[in-house]
Number of protein chains: 2
Amino acid sequence: MNFTLDQLRAFLEVARTGGVRKAADRLNITQPAVTARIKTLEDTLGAALFDRSSGMALTKRGDALLGYAEHYLELGSLIERDVAGPEGFTRLFRMGVSETIAQSWLPEFVQALRAAYPNLTVEIDVDISRALRERLFENKIDLALLMGPLSDYRVENVALPTFDLRWFRAAGATHASPAEGASVITFARDTRPFRTLKEELLARYGPDIALFPSSSLSACFRMVAADLGVGALPQALAEPYLSRNEIEEFDPGWRPEALTFSASYLTGPGATLGQAAASLALKTAEDFHK
Amino acid sequence: MNFTLDQLRAFLEVARTGGVRKAADRLNITQPAVTARIKTLEDTLGAALFDRSSGMALTKRGDALLGYAEHYLELGSLIERDVAGPEGFTRLFRMGVSETIAQSWLPEFVQALRAAYPNLTVEIDVDISRALRERLFENKIDLALLMGPLSDYRVENVALPTFDLRWFRAAGATHASPAEGASVITFARDTRPFRTLKEELLARYGPDIALFPSSSLSACFRMVAADLGVGALPQALAEPYLSRNEIEEFDPGWRPEALTFSASYLTGPGATLGQAAASLALKTAEDFHK
DNA sequence: AGAGGTTACGGGCAGCGTAAGGATC
DNA sequence: GATCCTTACGCTGCCCGTAACCTCT
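Residues numbered from 1 in each chain as written. Chains lettered and ligands numbered in written order. Predicted model: local features only at pLDDT ≥ 70, side-chain atom pairs only at ≥ 80, totals over all residues. Heavy atoms only, no water.

Asker: Help me understand the packing of helix H1 (residues 5-17) of chain A against helix H4 (residues 60-82) of chain A, please; the structure alone is not making it clear to me.
Answerer: To characterise two packed helices, one gives the angle between the axes of the helices and the distance between these axes. Residues and elements named next belong to chain A. Interaxial distance between H1 and H4 falls to 10 Å at its minimum, and their mutual angle equals 120°. Accordingly, the angle class assigned to the pair H1 and H4 is oblique. Taken as a pair, H1 and H4 cross one another with a handedness that is left-handed. Taking contact as the criterion, the partners of Leu-5, Leu-8, Arg-9, Phe-11, Leu-12, Ala-15 and Arg-16 in H1 are, on H4, Gly-62, Leu-65, Leu-66, Ala-69, Glu-70, Tyr-72 and Leu-73. Its residues assigned to classes, the contact of H1 with H4 shows 10 nonpolar, 1 polar and 3 charged. (Axes fitted to C-alpha atoms, helices over the stretch in contact; angles between N-to-C directions. Helix = DSSP H or I, 4+ residues; strand = E, 2+ residues; numbered from the N terminus. Parallel < 35°, antiparallel > 145°, perpendicular 65-115°, else oblique. Left-handed = near helix turned anticlockwise from the far one by under 90°. Contact = heavy atoms within 4.5 Å. Nonpolar A, V, L, I, M, F, W, Y, C, P; charged D, E, K, R; others polar.)

In structure tokens form, the structure reads like this:
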């Protein structure tokens, strides 16, 4: 009579999602592996846990196991929280990061994370915030560093320092300005800053302003330097271009509102590491912003 | 972060007994295996659990783990009790049996046990009750079928049918009787029946009665049949010798008191199987005694 | 035919026992 | 030197992923 935590996790995930395939996705293992775990668990317990005839429905015994299994995993995360040391976290930690952060203090953060948890395998996924949100809810990433807090009861948000947006243009292009019809280069379509900026520009200058969204922030800066338009971009990332004299800041009389970021993770058992990493991200970001 | 129930069991046993060696004894594995389990557990938790400098004392973290580990094992036995089926008991079940029972309904009991729990590996150890008692407290056997209830708060006793003792002599040896100085053949030295019988004989017939203790009950019967003395032996085991006309019963005017047996097991988590087996033993014994 | 679950199979790794090696009293 | 605990090592058995198979719609 010896079952493992992995088996119980697989059991719970199948019971919750109602399918072996979905459970396998969430557990990051192959689908036959989930089948095998369930089968082994059923063998060691000597009882059928699922009724396969109508699509993996819980049997009576499976239902009885449900509560115990949850209790088990809770205990596991309590141990993780109260007795495990930093070196105990030997596993994959998947982060989703929006590009603004990836371009600023992400390296320092990863370094700090690896120093604090030396056995952690860190996997980084740079994408737009909307995609990160989805991936977080799908449990495909453990921590998301993205724009704005996520308002969902399942999510814990740690507010990060904001990024001020400033106007930039190619160095010496003294007349370029949105007021004079210059194109505006900014974030990828489908992001919140893009939409608010678009509305703001429409309200201030009418419908003729062209917006060039780019999925790469550094591409934005390079396009600004090449005088393809002016940019409303994070001040914190402009320094290298400014010091190389490729771009210059200017003031058209207003600024887009600052970008708010948060470190967000799903709550519930197993969130210990997400919580710790979010705090560390906040600390790193504060150091970075002086 | 993946620890095993086996690791927690080893941890608990070392913490309780204060030694790796003793823990290994109780867990029925070698001592290096215990070391390895503890080490692996410490590695996966990334924290030292024992302070080796002064003989395996718990560290602060080890102490914190203690309560959680106990809770874990409790949950494990709850699952065993509530969701596992009979086929789930795939393990070694060690029984200690006193010879009287081994000679009577033990085969039927083992058969019934194996039918109820087909995956059980049953190990049988026939010895005198005093030795069985020790082995039970050392956790070297899971169930003891022995004489009399064990009065200890750790032990649960299920009363079994008693065995009446009768007097037997060789068939046709009409004059053999303890009153006429015949030797008395009975149980092994160091058993309770031996002592009470000895006192009784001393009180009734004086110090001249020779007592021949034998460690084998069937040897007792054969010695009686060979007219080496008379026997005070369990009636229930006499039938084959009576029907083959090798021995006969006689009445010297009194009988030793009946033997009381019990199925005894240690209480606590993990006693599910002991409890079930004890009930089954009672049922089998009652059937045997008609 | 396609989606979802199980079975077959080969490779890697973990955990056991035996045997040898410290450390501490 | 005796008593514990740990390390070394070969072996077995488990569990994963790949790939083929089954079954129901």
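The rest of the description comes next.
Asker: Teacher, can you tell me more about the protein's contact with DNA strand D here?
Answerer: The local shell around DNA strand D holds 14 residues, among which Thr-30 and Arg-37 of chain A together with Arg-21, Gln-31 and Arg-52 of chain B are the closest. For DNA strand D, the backbone makes up 64% of the atoms found within 4 Å of the protein, where backbone means sugar plus phosphate. Between DNA strand D and the protein, one listed contact pairs a phosphate oxygen with a side-chain N or O atom of Arg-52 of chain B at 2.5 Å. Taken together, the elements giving at least two residues each to the surface near DNA strand D come down to helix H3 (31-45) of chain A together with helix H2 (20-27) and helix H3 (31-45) of chain B. Looking at which element gives the most residues to the surface near DNA strand D, the answer is H3 of chain B, with 4 residues. A per-class count over the surface near DNA strand D returns 6 nonpolar, 4 polar and 4 charged. (Near = heavy atom within 4 Å. Polar contact = N/O pair within 3.5 Å; in protein donor to acceptor, adjacent residues only side chain to side chain.)

Asker: In this structure, what is going on with the packing of aromatic side chains? I would like to understand it.
Answerer: For any pair of aromatic rings, geometry is given as the distance between the ring centres together with the angle between the planes. Evaluation of the coordinates by the stated rule reveals 21 aromatic pairs over all chains. Residues Trp-167 of chain A and Phe-250 of chain A carry aromatic rings whose centres are separated by 6.2 Å and whose planes lie at 45° to one another, so their mutual orientation is tilted. One end of the pair, Trp-167 of chain A, is in strand E7 (residues 165-170); the other, Phe-250 of chain A, is in strand E11 (residues 247-250), with 83 residues separating them in the sequence. Classification of Phe-250 of chain A as buried rests on a relative accessible area of 10%. Ring centres of Phe-168 of chain B and Phe-221 of chain B lie 6.1 Å apart, and the angle between their planes is 55°; on these two criteria the pair is classed as tilted. In this pair, Phe-168 of chain B is assigned in strand E7 (residues 165-170) and Phe-221 of chain B in helix H9 (residues 217-225), connecting sequence segments 53 residues apart. Taking relative accessible area as the criterion, Phe-168 of chain B reaches 0% and is therefore assigned buried. (Phe/Tyr/Trp six-rings, centres within 6.5 Å; stacked < 30°, edge-to-face > 60°. Buried < 20%, exposed > 50% of the residue type's maximum accessible area, 1.4 Å probe, protein only.)

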